[in-house]
Amino acid sequence: MRIGVLGTGNMADALATHWARAGHRVTIGGRDAGKAAELARSVGSGTESGSLSEAAASGDVVLAALPFAAGADVVRGVRTELEGKALLDCSNPVGAGFRLLTDGGPSAARRLAAAAPGAHVVKAFNLCHEDVWRMRPPVFDGRPLAVPVCGDDETALGLVRTLVRDAGCLPVSGGGLDRAALLEATAALYIGLWVGEGADAQAIAPPLAFATGPGDR
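Remember, predicted model here, so these are calculated numbers, not experimental data.

**Things to note about the packing of helix α1 (residues 10-21) against helix α2 (residues 33-43)**
- Orientation of α1 relative to α2, taken along the N-to-C sense of each, is 45 degrees, at an axis distance of 9 Å. The angle between the axes of α1 and α2 places the two elements in the oblique class. In this structure, α1 meets α2 at a crossing whose hand is right-handed. Along its contact with α1, which presents A12, D13, A16, T17 and A20, the element α2 presents L39, S42 and V43.
- A class-by-class count of the residues in the contact of α1 with α2 yields 5 nonpolar, 2 polar and 1 charged.

**Some details on the nonpolar core**
- Within the largest apolar cluster, 35 residues are counted, with the highest numbers of intra-cluster contacts made by W19, F125 and W133.
- Looking at which element gives the most residues to this core, the answer is α1, with 7 residues.
- Once residues within four sequence positions are removed from consideration, F125 is found in contact with M11, L15, W19, L88, C90, W133, V147, L163, V164 and A167.

**Quick word on α2**
- Within α2 the residues assigned to the buried category are A36, A37, L39, A40 and V43. For α2, the arc enclosing every buried residue in end-on projection is 165 degrees, short of the 170-degree limit, so these residues lie on one face. Projecting away from the buried face of α2 at angles above 90 degrees are the exposed residues E38, R41 and S42.
- Buried-residue contacts for α2 involve α1, β2 (25-29) and β3 (48-50).
- Looking at where α2 begins, the residue whose side-chain oxygen comes 2.9 Å from the main-chain nitrogen of G34 is D32.

**As for the packing of helix α4 (residues 68-77) against helix α5 (residues 108-115)**
- Two numbers describe how α4 lies on α5: the axes approach to 8 Å, and their chain directions differ by 20 degrees. By the criterion of interaxial angle, the relationship of α4 to α5 is roughly parallel. The handedness of the crossing between α4 and α5 comes out as right-handed. Between α4 and α5, the contacting residues are F68, G71, A72, V75 and R76 on the first element and A108, R111, L112 and A115 on the second.
- When the residues that make up the contact of α4 with α5 are grouped by side-chain class, the tally is 6 nonpolar, 1 polar and 2 charged.

**Overview of the pairing of strand β1 (residues 2-6)**
- Taking burial as the measure, the 5 residues of β1 include 4 buried ones, the bulk of the element.
- For β1 and β2, the ladder comprises 5 bridges, and the chain directions are parallel. Across the sheet, residue G4 finds its bridge partner in β2, namely T27.
- What joins β1 to β2 is α1, and the crossover it makes is right-handed.
- Summarising the sheet, β1 and strand β4 (residues 61-64) pair through 4 bridges and their orientation is parallel. Within β4, the position partnered with I3 by the bridge is V61.

Criteria and cut-off values
- For every chain, the first residue of the written sequence is number 1, and numbering continues from 1 onward in sequence order.
- Only residues with pLDDT of at least 70 are given local features in this predicted model, and only at 80 or more are side-chain atom pairs given and counted; all residues enter the totals for whole chains, interfaces and linings.
- Heavy atoms from the whole structure form the basis of all side-chain values; hydrogens and water molecules are not counted.
- Axis geometry follows a simple rule: fit a line to the C-alpha atoms, using only the stretch in contact for helices, then measure angles between N-to-C directions, giving values from 0 to 180 degrees.
- In this description a helix means any DSSP run of H or I spanning at least four residues, a strand means any run of E spanning at least two, and both kinds are numbered starting from the N terminus.
- When describing relative orientation, an angle under 35 degrees is termed roughly parallel and one over 145 degrees roughly antiparallel, while 65 to 115 degrees is termed roughly perpendicular and anything else oblique.
- By convention, the crossing between two helices is left-handed when the near helix turns anticlockwise from the far helix through less than a right angle, and right-handed when the turn is clockwise.
- Residues are treated as being in contact if the distance between any of their heavy atoms lies within 4.5 Å.
- Residues are sorted three ways: Asp, Glu, Lys and Arg are charged, Ala, Val, Leu, Ile, Met, Phe, Trp, Tyr, Cys and Pro are nonpolar, and all the rest, Gly among them, are polar.
- To qualify as a nonpolar core, a set must consist of buried Ala, Val, Leu, Ile, Met, Phe, Trp, Tyr and Cys residues joined through side-chain atoms within 4.5 Å.
- Under the scheme applied here, a residue whose accessible area is under 20% of the maximum for its type counts as buried, over 50% as exposed, and between as partly exposed, the area being computed with a 1.4 Å probe on protein chains only.
- Here the arc refers to the directions that run from the helix axis out to each C-beta atom.
- Polar contacts here mean pairs of N or O atoms no more than 3.5 Å apart (in protein, one a potential hydrogen donor and the other a potential acceptor; neighbouring residues in sequence count only if both atoms are side-chain atoms).
- Being paired, for any two strands, means DSSP has found at least two bridges between them.
- Look down the strands so they point away from you; if going from the first strand over the helix to the second traces a clockwise path, that crossover is right-handed.

This is how it looks when you write it as structure tokens:
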């Protein structure tokens, strides 16, 4: 698969490294050509670098590894290159006090979809710290990390599910793109619990076998 990456930060590094090792052709694009080239060298496995436009044009899937504040503007600038492609959004619109920056408006994923209306936006990889995504693989107590995936286009969803598996994780259907807002709100809640309270966010939900109560157990 050909993968374009918009951005040169930690999430770009973590995910691109998994995918390059899995044999995909990755092109890193950034506003700073030097940073893009440096990240491409770090990722290795034949990873290339270029402009944002070149990275967007190169991919069957294009990862928007961009801060929330910049995402829509960057994507709008390469909307022609993104036409008909899967656009993967991993951003978290979370600000000071673990506040959701979308403020009841469209989700970050919806804003990318509006900025590039010809692209097929998929939300995934937003619930964990970048260093979790660097793990090879992210497996805990023998159980692969589950990654909710939200989107409306089946072809785009299929491509992203493949990339989730190539990162050593288990894709889980999160519904349509309208549910991306729930994923983003979940991230705000989890980050607030983990970082703000030092709480184990996993402990707020019972095991699946007890999801509807103890039953006859």
